[in-house]
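Report on the structure
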Amino acid sequence: MLPYYSLTDPFEPNQYVKRWQEVERKASAKGFTWATLYENYEDNQYMSDSLLVVPSSLAREVENASRAANDVFKKTYEQIMKDRSIIHRLGISVFMWDLLLAEGKGAFSYFTRYDFIASANGLKVIEANTDTPVGIVESAVAQEILCQEHGQLNPNAQLAANVRNAWNQIIRDYRIGSADTLYFTCADWHDEDKQTVKYLMDLYPQQAKYVPLEEIVVGKEDVQTPEGEKIEFLYRLYPLEYFLEEKSGTGERIGEQFLVHLMNDKLKIINPPSALLMQSKAILTLIWEKKDEWYTRMERDAIEKYFLPTYDSLGDMNSYVKKPVLGREGGGVQVVSGGAVIDEDVDYYQEQATIYQEYFPMPDQTIDTWDGPYTGKLLIGSHVINGEPSGLFFRVGGPITGNLSMFVAYTTR
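A short tour of the structure in this document, coming up. (Residues numbered from 1 in each chain as written. Predicted model: local features only at pLDDT ≥ 70, side-chain atom pairs only at ≥ 80, totals over all residues. Heavy atoms only, no water.)

A word on the overall build of the chain
In terms of helices and strands, the chain carries 10 helices and 21 strands. Over its C-alpha trace the chain gives a radius of gyration of 21 Å, about what one expects of a compact globule, namely 22 Å for 413 residues. A principal-axis box enclosing the C-alpha atoms of the chain has dimensions of 65 × 50 × 40 Å. In the chain, which comprises 413 residues, the proportion classed as buried is 56%. Expressed as a percentage of contacts within the chain between residues at least 6 apart in sequence, the contacts between residues at least 24 apart total 70%. (Helix = DSSP H or I, 4+ residues; strand = E, 2+ residues; numbered from the N terminus. Rg over C-alpha atoms; globule rule 2.2 N^0.38 Å. Buried < 20%, exposed > 50% of the residue type's maximum accessible area, 1.4 Å probe, protein only. Contact = heavy atoms within 4.5 Å.)

Re the environment of Asn70
Its location among the elements puts Asn70 in helix 2 (residues 56-82). Since its relative accessible area comes to 12%, Asn70 is described here as buried. When the C-alpha positions of Asn70 and Phe407 are compared, they lie 24 Å apart, and in sequence the two are 337 residues distant. When near neighbours in sequence (up to four residues on either side) are disregarded, Asn70 contacts Phe108, Tyr114, Val384 and Gly387.

Side note on the pattern of salt bridges
A side chain with one charge can pair with a side chain of the opposite charge if their charged atoms come near. Summed over the entire model, instances satisfying the criterion amount to 25 salt bridges. With a closest N to O distance of 2.8 Å, Arg253 and Glu256 form a salt bridge. Overall, Glu256 belongs to the partly exposed group, its relative accessible area being 24%. Here Lys290 ties to Glu293 by a salt bridge, and the two come within 3.7 Å at their closest N and O atoms. By relative accessible area, which is 16% here, Lys290 ends up buried. Look at Glu293 and you get exposed, because its relative accessible area is 56%. What you see here is one network of salt bridges that share partners, running through Arg89, Glu289, Lys290, Glu293 and Asp312. (Salt bridge = Lys/Arg side-chain N within 4 Å of Asp/Glu carboxyl O.)

Some words on the sheet that holds strand 16 (residues 340-344)
Spatially, 5 strands are ordered 13-17-14-15-16 in an open sheet, and the strand pairing comes out antiparallel. Of all strands in the sheet, those bounded by a partner on one side alone are strand 13 (310-311) and strand 16. Sheet analysis places strand 14 (residues 320-324) next to strand 15 (residues 334-337), joined by 3 bridges and oriented antiparallel. The partner of Lys322 across the bridge, within strand 15, is Gln334. (Pairing = 2+ DSSP bridges.)

Some points on the sheet that holds strand 8 (residues 208-210)
Here 4 strands make up an open sheet; going across it, the order is 8-7-11-12 and the pairing parallel. Unpaired on one side and paired on the other, strand 8 and strand 12 (268-270) mark the two borders of the sheet. Ignoring which end each strand starts from, the neighbouring axes of this sheet average 25° apart. For strand 7 (residues 182-185) and strand 11 (residues 233-236), the ladder comprises 4 bridges, and the chain directions are parallel. Paired with Thr185 across the strands is Arg236, a residue of strand 11. Strands in contact with helix 5 (residues 159-174) are strand 7, strand 11 and strand 12; relative to strand 12, the strand with the most contacts, it is inclined by about 160°. (Axes fitted to C-alpha atoms, helices over the stretch in contact; angles between N-to-C directions.)

Here we look at empty space enclosed by the protein
If you walk through the whole model with that rule in mind, you get 1 cavity of 30 Å³ or more. Its boundaries defined by the atoms lining it, the largest cavity holds a volume of some 30 Å³. As for the largest cavity, its lining consists of Phe73, Glu127, Ala128, Met278, Gln279, Ser280, Lys281 and Leu284. Where the lining of the largest cavity is concerned, the elements lending two or more residues are strand 6 (122-129) and helix 8 (274-279). Of the residues in the lining of the largest cavity, the class split is 4 nonpolar, 2 polar and 2 charged. (1 Å grid on protein atoms, 1.4 Å probe; cavity = no way out; pocket = protein on both sides within 12 Å on 5 of 7 lines; lining within 4 Å. Points joined across faces, edges and corners; volume = space filled by probe spheres on them. Nonpolar A, V, L, I, M, F, W, Y, C, P; charged D, E, K, R; others polar.)

With respect to the side chain of Thr225
Checked against the element boundaries, Thr225 lands in the loop between strand 10 (223-224) and strand 11. Those residues in contact with Thr225 that sit more than four places away from it in its chain are Tyr183, Val217 and Ile231.

What about the side chain of Thr76?
Examined against the element boundaries, Thr76 turns out to sit in helix 2. Residue Thr76 is classed as buried on the basis of its relative accessible area of 0%. Polar contacts involving the side chain of Thr76 include one to the side chain of Tyr295, which spans 2.7 Å. (Polar contact = N/O pair within 3.5 Å; in protein donor to acceptor, adjacent residues only side chain to side chain.)

Side note on helix 1 (residues 13-29)
Counted at 1.5 Å a residue, the expected span for helix 1 with its 17 residues is 24 Å, and the 24 Å between its end C-alpha atoms agrees. Burial in helix 1 covers these residues: Tyr16, Arg19, Trp20, Val23 and Ala27. Looking straight down helix 1, one finds that the buried residues subtend no more than 100° of arc, so they occupy a single side. Of the exposed residues in helix 1, the ones pointing more than 90 degrees away from its buried face are Asn14, Lys18, Arg25 and Ala29. For helix 1, the secondary structure elements touched by its buried residues are strand 2 (36-39), strand 3 (42-45), strand 4 (47-54), helix 4 (136-150) and strand 18 (364-369). Following helix 1 by one or two positions, Gly31 has its phi on the positive side, about 110°. (Expected span 1.5 Å × (residues − 1). Arc of directions from axis to C-beta.)

Topic: the packing of aromatic side chains
Applying the stated criterion to the full structure yields 24 aromatic pairs. Here the aromatic rings of Phe184 and Tyr235 are separated by 5.5 Å at their centres, their planes lie at 40°, and the arrangement is tilted. Placement of the pair is Phe184 in strand 7 and Tyr235 in strand 11, with a sequence separation of 51 residues. Residues Phe184 and Tyr235 agree in their burial class; the two are buried. Grouping aromatic residues by their ring pairs yields a cluster made of Phe32, Trp34, Tyr46, Phe393 and Phe407. The cationic tip of Lys291 hangs over the ring face of Trp288; the distance from NZ or CZ to the ring centre is 4.2 Å. Sitting over the face of the ring of Tyr242, Arg328 holds its NZ or CZ atom 6.0 Å from the ring centroid. (Phe/Tyr/Trp six-rings, centres within 6.5 Å; stacked < 30°, edge-to-face > 60°. Lys NZ or Arg CZ within 6 Å of the ring centre and 35° of its normal.)

Interpretation in functional terms is not warranted from these geometric data alone.
What follows is the structure, given as structure tokens:
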């Protein structure tokens, strides 16, 4: 368990809430507006005002593991492109195969987050969000404010600069001219996504405009804004596979038409379609299965050190985590230890193919909350932006890390 700094010590509920609200107002003014989340008919605390004290050696190890994991994912993508028949194992709709297997000229993903469990038994990457990673605003904005409040160093200070570097790389890879506009979109009602999009858009160095996802016009010939401006370049914080189900008010399958425009190169999106290919958790089964076939000795060593045995069938495992291949926010996950179910979600993604990952216990972590000290399970997210480890994102919650697991900032020593 990591030590942590408290802003209210000793804990007293009214004093804590008052101090927390002061920090929340500062974070909200900078764009982090979801320090509480409304769910189950009540407000839930999402931001703790504690500050974890992380050993510098652990932070460096996560950075090294993030580089290694990204290298392994990059090699895996290259191998899939050499043997494209493997895509049938990834649990992605056949309608999207041609799009996802189209040759890309840049990175398979520019904005990625790898999730790690760190314990006395080592450091393991348990999954990757290569398509639509969030947690960036927490790691950039709220992290900076909490470090200032505690008077401590912010280890994520380079995140914004790395985002700028990523945009410059994307401009080169996508050949976005100085007169071209990069449009940014997400579901307009989703505050977290909208503020994340705004944060990234503010760091983009050329012309940019926000257009709500609900207002994008998908025609037979192209994709446009409500004002009739043709969209050629689009950053979307919206899962690519969701477009398959999108329909117009009159029932037209505009999502499928949107994907057709992508296939016909009338529209280019960020992250690229390859990011969805690598989003499938079945990638983890391929990495483990092919570790002696696809990878260099250094990559094999990284897989043995940082990855967990993962399979597409249960076999004789009695301690495992069952995950839907395209699940998000902990939906559809089941955690089993010694044959006993520790936690599970049965509300989402039950129709998807699943993978079975060796169970690796998460460490306990205590933080301050409205209700006093809370001890949950610690998960470490690591942003990799344009191939560069760019900052950590800590959450504390249940055995399944869902959207109500609490964000907690950190410093190093």
